[in-house]
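Structure assessment
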Amino acid sequence: TMGRCRSMWNKLVDAQEHPKKKNLVRRIVVFVVIVAAVCSAVGLILFQESLNFDALRRWFKYFNIRDDGDYGIYSFDSHNSNRYGAAGSGLAVASVGGLIYYQDNGAERFSMQSQLELPQLITRGKYMLAYDVGGTKLLLANTSGSLLELSSDKAVLDADLSSSGAFCYSSSSSGYKSVLTVYNSRQELAYRWLSSTTYLPVCAISEKGTMLAAVGLGATGGAYESSVSFFRTDANEIQNTVSLGNELIYDLDFLNNDTVIAVGEHTVQIVKSDGTVVGQYAYEEPYLKTYRLEGDGFLALVVNMYKAGNRNSLITVDDSGEEIASLYLGKEVLDISASGNYLAVLTPDALTIYTSSLHVYAETVDIGSATSVLMREDGSAVLIGGGAGKLYLP
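Below you will find a few notes about this structure. (Residues numbered from 1 in each chain as written. Predicted model: local features only at pLDDT ≥ 70, side-chain atom pairs only at ≥ 80, totals over all residues. Heavy atoms only, no water.)

**Let's talk about the pattern of salt bridges**
Applying the stated criterion across every chain yields a total of seven salt bridges. When the shortest N-O distance is used, the salt bridge between Lys-272 and Asp-258 registers 3.9 Å. Residue Lys-272 is found in strand 20 (residues 267–272), and its partner Asp-258 is found in the loop between strand 18 (249–256) and strand 19 (259–264); the two are separated by 14 residues along the sequence. Here Lys-272 falls in the partly exposed class, since its relative accessible area comes to 27%. With its nearest N and O atoms 3.5 Å apart, the salt bridge here joins Lys-390 to Asp-366. Of this pair, Lys-390 sits in strand 32 (residues 388–392) while Asp-366 sits in the loop between strand 29 (360–364) and strand 30 (372–375), and the two are 24 residues apart along the sequence. Judged by its relative accessible area of 39%, Lys-390 falls in the partly exposed class. (Salt bridge = Lys/Arg side-chain N within 4 Å of Asp/Glu carboxyl O. Helix = DSSP H or I, 4+ residues; strand = E, 2+ residues; numbered from the N terminus. Buried < 20%, exposed > 50% of the residue type's maximum accessible area, 1.4 Å probe, protein only.)

Okay, structure coming up:
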């Protein structure tokens, strides 16, 4: 009887102590998880540039094909007028014969045949727009296939495309100085502006196609003057016109739904549709050699002290017109390309991929006969030359 009582007493004590042990273990586990989460968050903030998440992303994506020598090899007809763009994870080529899209394994996905005497190409996300400068043809497609083929009444001067599939183009027209045309993301004619007083040769479309901007050419007091006009595609009047001064404007792009960046001969200007000049950046050197607008939150510039020669400097500028970083290259630059947080710079002897702060991310001297480069958002790049493209994986 005494033994049975002792056994029952021990079971009762164990039953009372066991919940305490379980609670203690649970508290320790929760504490460790919280500490790990806090440390991870701090690490992400302090070391976000050195942590290579895109390398992990590429490792998973290309795990099975890194040793496949044929993967990411593109072949096409070589022509000096070819234009190239990264659409989705594949390659778009606009040529005198039309528009061709290649999948990331190098296989041709589709083609749109049309005569383009002076082809230009814009790619945004999964969309691509090829058009003939001075001609009348425009070809719109996404990575799944062709969407729309247009013939303008008069010569196309410029075009722009959003990643939603909306696009605009500027053209000449009998009786008017310029005509601006907008198609929405459903490839429907959404807006047309006929200008009888101002030449509007450069245009830009906002992400959803709700805002249109165009560069106007004019004069004030006998001096040349550029301006940017803003239009709402659901209204029949100019929302605002802002002077850009005595500056030849090369390109225009929307940063968000009401703000554009204008790349000029001597300055970059950031302007809101309400007339506010958000920022301005004057080039360090007098000659702008090339530029790219496709970076995520940055503009890339190559400037030179002289019209000719290789005293090139590389500069990145943020969306407020402030310089992020600059780097003296001192060598010939064959091509540059921007995507995501990356900037690819191709010189005669190497391909160097920088971050927006101009830290070297990757570099290779195995460039073959490449004369062009396409940066991709995941940190990979496509080297192009001699009728062939080759995927480079850092």
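**Side note on the pairing of strand 9 (residues 145–151)**
Taken residue by residue, a regular strand's side chains alternate between the two faces of the sheet. Here strand 8 (residues 137–142) pairs with strand 9 via six bridges, running antiparallel. Bridge pairing in strand 9 links Leu-139 to Glu-149. Linking strand 8 to strand 9, which pair antiparallel, is a turn of two residues. (Pairing = 2+ DSSP bridges.)

**Considering the nonpolar core**
Among the nonpolar cores identified, the biggest contains 15 residues, and Ala-213, Val-228, Phe-230, Leu-252, Val-260 and Val-271 are the most heavily contacted of them. Those elements that provide at least two residues to this core are strand 14 (199–205), strand 15 (211–220), strand 16 (223–232), strand 17 (238–245), strand 18 and strand 19. Sequence-distant contacts of Val-271, that is, excluding residues within four places in its chain, are made with Val-228, Phe-230, Val-242, Leu-244, Asp-258, Thr-259, Val-260, Thr-276, Val-277 and Val-278. (Core = buried A, V, L, I, M, F, W, Y, C linked by side-chain atoms within 4.5 Å. Contact = heavy atoms within 4.5 Å.)

**Observations regarding unusual backbone geometry**
One non-glycine residue with positive phi stands out, namely Gln-187, at about 60 degrees. Assignment of secondary structure puts Gln-187 in the loop between strand 12 (176–183) and strand 13 (189–195).

**Structural notes on the packing of aromatic side chains**
Using the criterion set out here, one finds eight aromatic pairs in the structure. Where Tyr-191 meets Phe-231, the ring centres are 6.5 Å apart and the plane angle is 55 degrees; that geometry is what we call tilted. Here Phe-231 lies in strand 16 and Tyr-191 lies in strand 13, a separation of 40 residues in the sequence. Classification of Phe-231 as buried rests on a relative accessible area of 0%. Between the aromatic rings of Tyr-342 and Tyr-361, the centroid separation amounts to 4.7 Å while the plane-to-plane angle is 50 degrees, which identifies the pairing as tilted. Linking Tyr-342 in strand 27 (residues 342–347) with Tyr-361 in strand 29, this pair joins segments that are 19 residues apart in sequence. A relative accessible area of 6% means that Tyr-342 is categorised as buried. These aromatic residues form a ring-pair network of at least three members: Tyr-74, Phe-76, Tyr-84 and Tyr-102. (Phe/Tyr/Trp six-rings, centres within 6.5 Å; stacked < 30°, edge-to-face > 60°.)

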